[in-house]
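The primary structure of each chain is shown beneath.
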Amino acid sequence: MRARTGRERAQHTEDWIGSFSSWTILVEGRATRDRTIDRATMSSLLVWCALLQTLLLVTLRLGDCAIAVDANRTSALEEARLQRENLVRKYLKRLKKEEGALKLVGGRGDFEGNVEVFHAGKWGAICDDEWDQAEAEVVCRQLGFPGHVKPTHTGHFGRAKRKFWMDNLWCGGKEAELTDCRFDGWGANDCESGEAAGVICKQHDTDTTTTSKPVPVELKVPKERFGQRLELRLVGGRVEGEGRVEVRIVDGPGGAGPWGSVCGDGWGLLEGNVVCRQLNLGYANNAVQTDFFSDEADGKGLPERVLLSGTECYGNESTLADCLHDPIGWDTVVTCSERKGHVAAVTCVPAMADLVFDHVEMEQSLHLEDRLMYLLQCAMEENCVATQAYEIQRDNPNWHLETRRLLKFTARVVNMGTADFRPHIPKHLWEWHLCHMHYHSMEVFATFDVIDGQGRKVAEGHKASFCLEDNQCLPGVEPRYACANYGDQGISVNCSDIYRHNIDCQWVDISELDFGEYTMRVAINPEFKVPEMRFDNNAATCRLLYTQTYARVFDCKHERP
């Protein structure tokens, strides 16, 4: 039988009181009329009736208390539920600020943007040095997305607005969190605000999406080349070859339109070279995202409207109109990560270096070598072996007796330009390396990738912490640069820097690679950090045949990294 509630018990008591009161009146009236009960007996009976009625009234009050108790119990349950919700909400909010937490900023939704990491109670940016698909995959999986679409560089989603926490990240692609990857150390970096690393992640299916900010329809329009002619000029510079880039539509409906600026998002040397080429000013020595050239002293200041955004150039275009842009037109709303001062600028010079990778030297020198990990300790400090080697070092006490299979080759880089190639890091920031006993002037000079038939990177190496010097020059050219004795570093015109196959890190660790045919790509200056005449000859892509007894590369061709 179902138990009565407090309200039901109170109602039942009230019914009893009403019935008992009616019975008392009836008894009293009949006794008075019929004289069947004497006065004393009647008085006693009425006293007992009064006592019983009082008892019933007390029961009614207790019923009211039961109602209040039920109400209070309901209120207590509701309050407990609200407290649990607040605790969960507070915990989820706190989770976002746990050590190593990530977030994406500056994108169209929570699936894309520049990456920021939480450390020591503060959010910080990540530098794009060595930032590639492996790091992007780790970031997207940590944020709960099914994978990555592509990594982004050069402040694609705007300049970094916070301190750089991480630089030179090196991930295997399977780490649970980005902080599990190897990097230079918290806060150790040599990066500028325009070197922010970002990602575009794969989105969930429509029915399970967690994206809180829907992508506006106008932002889903793909980038396009501008069909009409664009006129360019540099404004605000101290000399003719520098300044912020301004453009205007020449063939508009009403003739030439007003001048507009170019959003600085993703602006780099590839785009700067196109601008200098179109203006016949030589080559881009620097391409920056800045408001430095917006001084009112030129009498013009910044134009009120941003005309171009999302500019992406391959680097060999003749005009800026040939590059890809977000939808263009004075009737189109152009988006930019910052409203004021975040414009594209460039510095042009008449002479420039031009590095070319010698793939013939690589074809002739490539070979296999099995090497003890005991002999690779110096190279492991520079992340020159596969991720599995570090797992063996961590889990196997006899790791130094294990061997790694290395695909070794000689890398010869020739400067075919009209100016010396110099590192972009100032000399006082060069890093002394105890293993190699010389200073390193470049963090990432070359990358070596092995790619399978599906386009997936299955093995990789890199030549980080590079030392630049003149190893071989054409007749009549005197070498000028040397690594020894804290000497100046660089590559002179018509000279070569040669890293032979017997030097640390001049290899790809292929210990876990299956036998078969692959594509091998070697890229010089792969992140376009140092200016050059052109970049479409900085990489060599070759076919790689790997068997049980030998490996060789063939059918090589030059291309852009």
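Preceding this paragraph is the structure being described.
Since the model is a prediction, treat every value here as computed from it, not as a measurement.

Q: If you had to explain the overall build of the chain to someone new, which residues and values would you point to?
A: Across its full length, the chain holds seven helices and 28 strands. Counting only residues that meet the buried cut, the chain has 45% of its 561 residues in that class. Across the chain, contacts joining residues at least 24 apart in sequence account for 70% of those joining residues at least 6 apart. Just so you have it, the chain exposes about 29200 Å², and 52% of that area is on carbon and sulfur atoms.

Q: Give me the pattern of salt bridges: which residues, what numbers.
A: Within this structure, the stated rule accounts for 28 salt bridges. The salt bridge partner of Arg-141 is Glu-137, with a shortest N-O separation of 3.6 Å. Pair noted here: Arg-141 and Glu-137 are both in helix 3 (residues 133–142), with a separation of four residues, about one helical turn. In this structure, Asp-555 engages Arg-543 in a salt bridge whose closest nitrogen and oxygen atoms are separated by 3.2 Å. Of this pair, Asp-555 sits in strand 28 (residues 551–559) while Arg-543 sits in strand 27 (residues 539–546), placing them 12 residues apart in sequence. Assessed through its relative accessible area of 38%, Arg-543 is described here as partly exposed. Three or more residues are tied together by salt bridges with common partners; here these are Asp-128, Asp-129, Glu-195, Glu-527 and Lys-529.

Q: Now, about the layout of surface pockets: what can you tell me, with residues and values included?
A: Here the second largest pocket is characterised by a volume of approximately 960 Å³. Elements represented by at least two residues in the lining of the second largest pocket include exactly helix 3, helix 7 (387–395) and strand 22 (457–466). Considering every element that reaches the lining of the second largest pocket, the biggest residue donor is helix 7, with five residues. Here the lining of the second largest pocket is composed, by residue class, of 12 nonpolar, seven polar and 14 charged. Looking at the lining of the second largest pocket, you find at least three residues from each of domain 1 (101–201) and domain 3 (355–559).

Q: Talk me through the state of the cysteines; I want residue IDs and the actual numbers.
A: Applying the stated rule across the entire model yields nine disulfides. Put simply, Cys-276 and Cys-348 are joined by a disulfide, and their sulfur atoms are 1.9 Å apart. Negative torsions about the S-S bond denote left-handed disulfides, and the value of about -85° found for Cys-276 with Cys-348 makes this one left-handed. Residue Cys-276 is found in helix 4 (residues 269–278), and its partner Cys-348 is found in strand 14 (residues 343–349); the two are separated by 72 residues along the sequence. Each member of the pair, Cys-276 as well as Cys-348, is classed as buried. Across a sulfur-sulfur distance of 2.0 Å, Cys-542 and Cys-556 are joined as a disulfide pair.

Q: So what's going on with the packing of aromatic side chains? Residues and values would help.
A: Applying the stated rule across the entire model yields seven aromatic pairs. With a centroid separation of 5.0 Å and 80° between ring planes, the pair formed by Phe-409 and Phe-448 is classed as edge-to-face. Highlighted residues: Phe-409 in the loop between strand 17 (403–408) and strand 18 (411–415) and Phe-448 in strand 21 (residues 442–451), separated in sequence by 39 residues. On the numbers, 5.0 Å between centres and 55° between planes, the contact of Phe-515 with Tyr-546 is tilted. Pair noted here: Phe-515 is in the loop between strand 25 (507–509) and strand 26 (516–524) and Tyr-546 is in strand 27, with a separation of 31 residues, a long-range link.

Q: A description of the nonpolar core should follow, citing residues and the corresponding values.
A: With 33 residues, the main nonpolar core has Met-362, Phe-409, Phe-421, Phe-445, Val-508 and Met-520 as its most contacted residues. For this core, the secondary-structure elements that each account for two or more residues are strand 15 (355–357), strand 18, strand 21, strand 26, strand 27 and strand 28. It is strand 21 that provides the largest number of residues to this core, a total of five residues. When residues no more than four places from it in sequence are discounted, the contact partners of Val-508 are Arg-405, Leu-406, Leu-407, Phe-409, Phe-448, Val-450, Ala-459, Glu-460, Gly-461 and Met-520. Within the second largest apolar cluster, 28 residues are counted, among which are Phe-226, Leu-281, Leu-308 and Cys-348.

Q: Please give an account of a nonpolar patch on the surface that cites residues and values.
A: On the surface, Leu-372, Tyr-374 and Leu-375 cluster together into a nonpolar patch covering about 300 Å² of accessible area. Position of Tyr-374 relative to the elements: it lies in the loop between strand 16 (367–372) and helix 6 (377–381).

Q: Summarise the sheet that holds strand 16; cite the residues concerned and give the values.
A: Across the sheet, three strands lie side by side as 16-17-25; this open sheet has antiparallel pairing. Two strands close off the open sheet at either side, each with one partner strand: strand 16 and strand 25. With strand direction ignored, the average angle separating the axes of adjacent strands in the sheet is 35°. Sheet topology note: the strand 16/strand 17 ladder contains six bridges and is antiparallel. Bridge assignment links Leu-368 to a residue of strand 17, and that residue is Leu-407.

Q: Tell me about unusual backbone geometry, and please be specific about residues and values.
A: The backbone phi angle of Ala-120 is positive, close to 55°, even though this residue is not glycine. Tracing the backbone through its elements, the reader meets Ala-120 in the loop between strand 2 (112–119) and strand 3 (122–126).

Q: Could you give me a rundown of the sheet that holds strand 23 (residues 472–473), with the residues and numbers involved?
A: With antiparallel pairing, four strands are arranged side by side in an open sheet as 15-18-24-23. Taken across any chain shown, the strands that pair with only one partner, and hence form the sheet edges, are strand 15 and strand 23. Where strand 18 meets strand 24 (residues 495–499), four bridges bridge the pair, whose relative direction is antiparallel. Within strand 24, the position partnered with Ala-411 by the bridge is Tyr-499.

Q: So what about empty space enclosed by the protein? Which residues, and what values?
A: Going through the model one piece at a time under the given rule, you end up with three cavities of 30 Å³ or more. Lining the largest cavity are Asp-129, Asp-190, Glu-195, His-424, Met-442, Glu-443, Val-444, Asn-525, Glu-527 and Lys-529. In terms of residue class, the lining of the largest cavity is built from two nonpolar, two polar and six charged. Both domains that meet at the lining of the largest cavity, namely domain 1 (101–201) and domain 3 (355–559), each give it at least three residues.

Q: Could you give an account of helix 4, with specific residues and numbers?
A: With eight of 10 residues buried, helix 4 is to be regarded as a mostly interior element. All of the buried residues along helix 4 are Leu-269, Leu-270, Glu-271, Gly-272, Asn-273, Val-274, Val-275 and Cys-276. Contacts made by the buried residues of helix 4 are with strand 8 (230–236), strand 9 (242–249), strand 11 (283–290) and strand 14. One or two positions beyond helix 4, positive phi appears at Asn-280, with a value near 55°.

Q: Report on helix 3, specifying residues and quantitative values.
A: Among the residues of helix 3, Ala-134, Glu-135, Ala-136, Val-138, Val-139 and Cys-140 are the ones counted as buried. Taken together, the buried residues of helix 3 touch strand 1 (102–106), strand 2, strand 4 (148–152) and strand 6 (198–201). In this structure Asp-132 caps helix 3, since a side-chain oxygen of it lies 3.2 Å from the backbone nitrogen of Ala-134. One or two positions beyond helix 3, positive phi appears at Gly-144, with a value near 95°.

Here is what the cut-offs are and how they apply
- Residues numbered from 1 in each chain as written.
- Predicted model: local features only at pLDDT ≥ 70, side-chain atom pairs only at ≥ 80, totals over all residues.
- Heavy atoms only, no water.
- Helix = DSSP H or I, 4+ residues; strand = E, 2+ residues; numbered from the N terminus.
- Buried < 20%, exposed > 50% of the residue type's maximum accessible area, 1.4 Å probe, protein only.
- Contact = heavy atoms within 4.5 Å.
- Areas by Shrake-Rupley, 256 points an atom, 1.4 Å probe, with all protein chains shown as cover.
- Salt bridge = Lys/Arg side-chain N within 4 Å of Asp/Glu carboxyl O.
- 1 Å grid on protein atoms, 1.4 Å probe; cavity = no way out; pocket = protein on both sides within 12 Å on 5 of 7 lines; lining within 4 Å.
- Points joined across faces, edges and corners; volume = space filled by probe spheres on them.
- Nonpolar A, V, L, I, M, F, W, Y, C, P; charged D, E, K, R; others polar.
- Domains from an automatic or database assignment.
- Disulfide = S-S within 2.5 Å.
- Phe/Tyr/Trp six-rings, centres within 6.5 Å; stacked < 30°, edge-to-face > 60°.
- Core = buried A, V, L, I, M, F, W, Y, C linked by side-chain atoms within 4.5 Å.
- Patch = residues over 30% accessible without salt bridge, like charges linked within 9 Å, V, L, I, M, F, W, Y side chains within 5 Å.
- Pairing = 2+ DSSP bridges.
- Axes fitted to C-alpha atoms, helices over the stretch in contact; angles between N-to-C directions.
- Polar contact = N/O pair within 3.5 Å; in protein donor to acceptor, adjacent residues only side chain to side chain.

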